[in-house]
Amino acid sequence: MPPRPPTPPLRLEARGLSKRYNVPVLTDFDFTLEAGEVHALVGSNGAGKSTFARILCGLTPASSGALQLDGESYTPISKAHATAAGVVMVLQELNLIPTLSVAENLGFEHLPSRWGFIDRPRLRAQARAALALVGLDHLDPDQPAGGLGVGQQQLVEIAAALSRECRVLILDEPSAALTATETEELFVRIRALQAKGVAILYVSHRMDEIRRIADRVTVLRDGRHIATHSAPDFAVDELIREMAGHAQVIRPTARVSRRTQEVALAVRNLTAPPRVRGVSLEVCAGEIVGIAGLVGAGRTELLRAIYGADPVTGGTIELHGSLAVLPDPCAAVAAGIGMVPEDRKADGLLLPQSILANTTLASHDRLSHRGWMDAEAARRTTLETTATLALKCDRLEQPVAELSGGNQQKTVIARWLLRDAAVLLLDEPTRGVDAAAKDSIHRLMADLAERGKALLMVSSELPELMANCDRILVMSTGRIVGEFTPADWSEERITAAAFAGHMNPST
Amino acid sequence: MPRWLKDYAPLLLIWIALLGLFSFSSDRFFTAATFSSLANQIPTLTVIAAGMTLVIITAGIDLSVGSVLGFAGAVFGLALLGWNLPVPLAVLLALLAGAGAGWVNGWISARLRVPSFIVTLGMLEIARGLSYLLTDSQTQYLGGTLSNLARPLPGIGLPPSFFIAVVVVILLQIVLTRTVFGRRIIAIGTNEEAVRLAGINPLGPKIAVFVITGALVGLGALFYTARLGSSDPNAGSGLELAAIAAVVIGGTSLMGGRGSVVSTFLGVLIIATLETGLAQLGASEPLKRVITGAVIVIAAVIDGWRTAGPGGPAALVRRLLKR
């Protein structure tokens, strides 16, 4: 009789892990992570995923419960301690220091030095090696990290983690800022690490990715373990049901084109160097137009240029058939445009301030008489809007910083509902938002289109664009390189169009 | 406890504690004369610190208020004595001089995007230099021109300047909390880029807070002149620090986005009471400065704890106290 193969050792084991701040955020959580597996952790925002990850990498101590790493008791007291033990995390938020170079950021914890001076050649070589791990070979390691786009910054963060010796790698929404191609690249790296026996904890909202990469999935809800499924054995519908804890989220299946013949927004040959180079497009009233493209294709910059947020050097904009001059966002808003920016915390929200202060920000003129705020009208209209959006909060005076990502995003969107903007520019409107909130944002967009608004939406998630848009434009190196309608689009074709421009950088 | 009281309770308690402490250590302290002298001293600092609060809420700072006070006073003196203008016109010129200096501060810092710290540091020198030039570095005696402003009203014992200052505080607090302008300056101090992308041009409010502060410095110069009966080119030196200290003690964040004019007024009361009380106890000038400085730092530390949120040290202290 052959000897039974030894059971593979558990890389990481959590028993009865709990964490309380003022309320319990993680309750009696059991979790195992085997060497060489990708274990996905899913749940709505606030389910306790980030808290668990933060406990693992020593950013916050558990209130009770025990952790074991390769069979030994593991109680990380600091991030440095966790890193030394081989538990490395890529944070959801970007943590690069914008004024330091890419190389300095990568080597920040152990800058190679000679007699106290930084050994630049060695630093650069280390950085190149790390960048090659994520396919960023072409990146100049000496350029300041702040000059990179969000997607590239995220990749640099991942490179920093990959270049360390690690036993457990924690990825928190790693693909949030990545394009489809970059995500593919990331998956290749993840598989390579897996083969080397690294255990990977993969926190994500993206069901399609989880289905592809994860060996097991654990669902968290309200800080409690709900279920753990093994590889081929999970259906997205079921996961969503377990996360939401109520009846399945229903997607609108049949889509009727709401497009009217009235062109609400017409952009002609708009140029805003260096990222926007002669873009023309039209969005009709009642239409949702999506913009696909790789990170760095100029999608965000295009929206900002239309909105007057960045200087424009050429081209014209027409609104409802008449020429509009929009030198600044002030003029754009007055002309009936609203923008939901990519980075809601930096560019959209007044985080420490109330929901009310945030929702009314663009509508001061309508909610005041001779300069005096009409507090009553502000409350009433905000209440109506937050109800429409199913925005969850204790009270309208609650600081936005206390809300979950999904509700924060709804607050930004509510601002433009209050304003009743006729044209909405949405830049990654559901990034970092849980599945339920995502769904209600999508419904709202459809509803707005129904009511004759024109929506122009940027997203890096092709399925999202295909599920919500009437048309998809593909942008590459500052130009529109393709246009698709539901009749002729597919993920492959759109991806191919997006990629085409990047194959030949001379164009 | 009503919300407004809750907001002001810590500062009121500190003030009352100071009053109690000084009354206990000196039997001359808790008298009408002390309060009358306090009320006579603080109007200038009150109106300037009130304006400073607005500037700091937008995440700016105005270091020039002391010098601009000297400048506005010099303009007032010159208008009366040099140009023989009637008093109302001279008053108007003094206010305009302050507002003009404020506009220059605001326009350069907001429009040309130079940190207000540096612009107003320059203005601190410029305005002081101008006030020397205008007065030939001489103190001008103005006699009793405005002395009614600073003379205690019969029966009440408090001067009109004190009431004007209190009205300014209340007005600005209402502007801050109830008007579009007020909401906008708080929003700008919180996240200027978000405000811009919401379709609001931040330039106007950013310049306006400096103009308002400048005009209030002009008013402060009039109070000052009224009290001393002269226009002194050295007037107000160091006042910017007292004003900033009052704002900080009042809990307004130097990072912008949060603050209250009424709290600043309580900060002024605390500083003035401390100084008067220490003087009555016979503390030397150097010792007074050491203690006042320590109080400012302690206030800032306590405020840092208070705003650190539920996990902050304040919660720790509260929990310890509960036990």
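Note that this is a predicted model, so its numbers are computed, not measured.

With 26 residues of chain A at the interface, the matching set in chain B holds 21 residues. Counting residues per element, the side of chain A that touches chain B draws most heavily on helix α10 (residues 329-334) of chain A, which supplies five residues. In the side of chain A that touches chain B, the residues fall into 17 nonpolar, six polar and three charged.

Let us now look at the pairing of strand β1 (residues 10-20) of chain A. Residues and elements named next belong to chain A. As paired elements, β1 and strand β2 (residues 24-34) share seven bridges and run antiparallel to each other. Considered in β2, the bridge of Leu12 is made with Leu33. Inspection of the sheet shows β1 paired to strand β4 (residues 64-69) by five bridges, in the antiparallel sense. Its bridge partner being in β4, Ser18 is matched across the sheet by Ser64.

Quick look at the sheet that holds strand β6 (residues 87-90) of chain A now. Residue and element names in this part refer to chain A. On the basis of which strands lie adjacent, the open sheet formed by six strands has the order β6-β9-β10-β3-β11-β12 and mixed pairing. Strands with a single pairing partner mark the edges of an open sheet, and in this sheet they are β6 and β12 (224-230). Ignoring strand direction, the axes of neighbouring strands in this sheet form an average angle of 20 degrees. Of the pairings in the sheet, the one linking strand β11 (residues 216-221) to β12 comprises six bridges and is antiparallel in character. Along β12, the bridge assignment pairs Leu220 with His225.

What follows concerns the domain arrangement of chain A. Residue and element names in this part refer to chain A. Split by domain assignment, chain A resolves into domain 1 (10-96 + 148-244), domain 2 (263-336 + 421-503) and domain 3 (353-419). Computed from C-alpha coordinates alone, the two centres of domain 2 and domain 3 are separated by 25 Å. Listed per partner, the contact involves eleven residues of domain 2 and eleven residues of domain 3. Class assignment of the residues belonging to the side of domain 2 that touches domain 3 gives a composition of eight nonpolar, two polar and one charged.

Let us look at the confidence of the model for chain B. The predicted model of chain B averages 89 in pLDDT, with 93% of residues at 70 or higher. If you check the scores for this complex, the pTM reads 0.75 and the ipTM reads 0.84.

In this section: the environment of Asp427 of chain A. All names here are of chain A. With respect to the secondary-structure elements, Asp427 resides in strand β21 (residues 423-427). Residue Asp427 is classed as buried on the basis of its 24 C-beta neighbours within 10 Å. Remark: the alpha-carbon pair of Asp427 and Leu303, spanning 124 residues in sequence, is separated by 7.6 Å.

In this section: the nonpolar core. Residues Val75, Ala94 and Ala243 of chain B are the most contacted members of the largest nonpolar core, which totals 176 residues. By residue number, the principal contributor to this core is helix α10 (residues 203-228) of chain B, which donates 14 residues. Two domains each put at least three residues into this core: domain 2 (263-336 + 421-503) and domain 3 (353-419) of chain A. Beyond its immediate stretch of four places on either side in the chain, Ala94 of chain B contacts Ala72, Val75, Phe76, Gly218, Ala221 and Leu222 of chain B. Of all hydrophobic cores here, the second largest spans 69 residues; its members include Leu41, Ala53, Val217 and Leu220 of chain A.

Turning our eyes to something else, we now look at the pairing of β6 of chain A. Residue and element names in this part refer to chain A. Across the two faces of β6 the burial is the same, with Val87 and Met89 and Val88 and Val90 all buried. Direction of pairing for β6 relative to strand β9 (residues 168-172): parallel, over a ladder of four bridges. Looking across to β9, one finds that Met89 is bridged to Ile170.

Residues and elements named next belong to chain B. Interhelical geometry of helix α3 (residues 65-82) versus helix α4 (residues 87-111) gives an angle of 150 degrees and a closest axis separation of 8 Å. Overall, the two elements α3 and α4 adopt an arrangement that is roughly antiparallel. Considering only the axes of α3 and α4, their crossing is right-handed. Contacts between α3 and α4 pair Val68, Phe71, Ala72, Val75, Phe76, Ala79 and Leu80 from the former with Leu89, Ala90, Leu93, Ala94, Ala97, Gly98 and Ala101 from the latter. Considered class by class, the residues forming the contact of α3 with α4 number 13 nonpolar, one polar and no charged.

This paragraph deals with unusual backbone geometry. Residues and elements named next belong to chain A. With an omega of 0 degrees, the peptide bond between Pro273 and Pro274 qualifies as cis. The phi angle at Asp70 is positive, at roughly 50 degrees, despite the residue not being glycine. The topology assignment puts Asp70 in the loop between β4 and β5 (72-73). Here the phi dihedral of Asp420 falls at roughly 60 degrees; this positive angle occurs in a residue that is not glycine. You can see Asp420 is positioned in the loop between α14 (405-419) and β21.

About the criteria used
The residue numbers shown here count from 1 along each chain, following its written sequence. Note on labels: chains are lettered from A, ligands numbered from 1, in written order. pLDDT decides what is reported in this predicted model: residues at 70 or higher carry local features, side-chain atom pairs at 80 or more are listed and counted, and totals for whole chains, interfaces and linings draw on all residues regardless. Any residue pair is listed as a contact if its two C-beta atoms, each placed from the backbone, are within 7 Å. Secondary structure elements follow DSSP: runs of H or I of four or more residues count as helices, runs of E of two or more count as strands, with numbering from the N terminus. Amino acids outside the nonpolar list (Ala, Val, Leu, Ile, Met, Phe, Trp, Tyr, Cys, Pro) and the charged list (Asp, Glu, Lys, Arg) are all regarded as polar, and Gly is one of them. When DSSP finds two or more bridges between two strands, those strands count as paired. Whenever a helix is involved, its axis is fitted only over the stretch in contact; in every case the axis is a line through C-alpha atoms, and angles between N-to-C directions fall within 0 to 180 degrees. What marks off one domain from the next here is an automatic or database domain assignment. On a scale of 0 to 100, pLDDT captures the predictor's confidence in every residue. Three exposure classes are used, based on other C-beta atoms lying within 10 Å of a residue's own C-beta, which is placed from the backbone: buried for 20 or more, exposed for 12 or fewer, and partly exposed in between. The term nonpolar core refers to a group of buried residues, namely Ala, Val, Leu, Ile, Met, Phe, Trp, Tyr and Cys, whose C-beta atoms join them within 7 Å. For classification purposes, an angle smaller than 35 degrees is called roughly parallel, one larger than 145 roughly antiparallel, one from 65 to 115 roughly perpendicular, and anything else oblique. We call a crossing left-handed when the near helix sits turned anticlockwise from the far one by less than a right angle, and right-handed when that turn is clockwise.

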